[in-house]
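Fold and contact review
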Amino acid sequence: MVSKPRLALVMLVLVILAGGTLALMISLDASAFWAKTLPIAVLVGGSVFAQSLGLFNKATKK
């Protein structure tokens, strides 16, 4: 099962990181391809990494 507060918090952090990546790409005058692709890659890669660490799983009650 997914913990909704953890999911919201991790995704908020990833959205902030993706926005920072986009701002960096714009400030470096990167091409439109990189400005579109890198923030999406940060979101997808970060969420896959967080899922593999088990950050979205609810703690089981004992």
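Our subject in this report is the structure included herewith.

Definitions and cut-offs
- Residues numbered from 1 in each chain as written.
- Predicted model: local features only at pLDDT ≥ 70, side-chain atom pairs only at ≥ 80, totals over all residues.
- Heavy atoms only, no water.
- Helix = DSSP H or I, 4+ residues; strand = E, 2+ residues; numbered from the N terminus.
- Rg over C-alpha atoms; globule rule 2.2 N^0.38 Å.
- Buried < 20%, exposed > 50% of the residue type's maximum accessible area, 1.4 Å probe, protein only.
- Contact = heavy atoms within 4.5 Å.
- Areas by Shrake-Rupley, 256 points an atom, 1.4 Å probe, with all protein chains shown as cover.
- Patch = residues over 30% accessible without salt bridge, like charges linked within 9 Å, V, L, I, M, F, W, Y side chains within 5 Å.
- Salt bridge = Lys/Arg side-chain N within 4 Å of Asp/Glu carboxyl O.
- Phe/Tyr/Trp six-rings, centres within 6.5 Å; stacked < 30°, edge-to-face > 60°.

Focus: the overall build of the protein chain
- Scanning the protein chain for helices and strands turns up two helices and zero strands.
- Rg of the C-alpha trace for the protein chain: 14 Å, well past the compact-globule value of 11 Å for 62 residues, more than 25% over.
- Projecting the C-alpha coordinates of the protein chain onto the three principal axes gives extents of approximately 55 × 15 × 10 Å.
- Here the protein chain holds 62 residues, and the buried ones make up 18% of them.
- Sequence-distant contacts in the protein chain: of pairs separated by 6 or more residues, those separated by 24 or more amount to 68%.
- Of the roughly 4,800 Å² of accessible surface on the protein chain, 75% is carried by carbon and sulfur atoms.

Description of a nonpolar patch on the surface
- On the surface, L9, L12, V13, I16 and L17 cluster together to form a nonpolar patch covering roughly 490 Å² of accessible area.
- With respect to the helices and strands, V13 occurs in helix α1 (residues 4-27).
- On the basis of relative accessibility, which here comes to 43%, the residue V13 falls in the partly exposed class.

A word on the packing of aromatic side chains
- In the structure shown here, the tally under the stated rule is one aromatic pair.
- Aromatic pair F33 and W34: ring centres 5.1 Å apart, planes at 75°, arrangement edge-to-face.
- A relative accessible area of 51% places F33 in the exposed class.
- A relative accessible area of 43% means that W34 is categorised as partly exposed.

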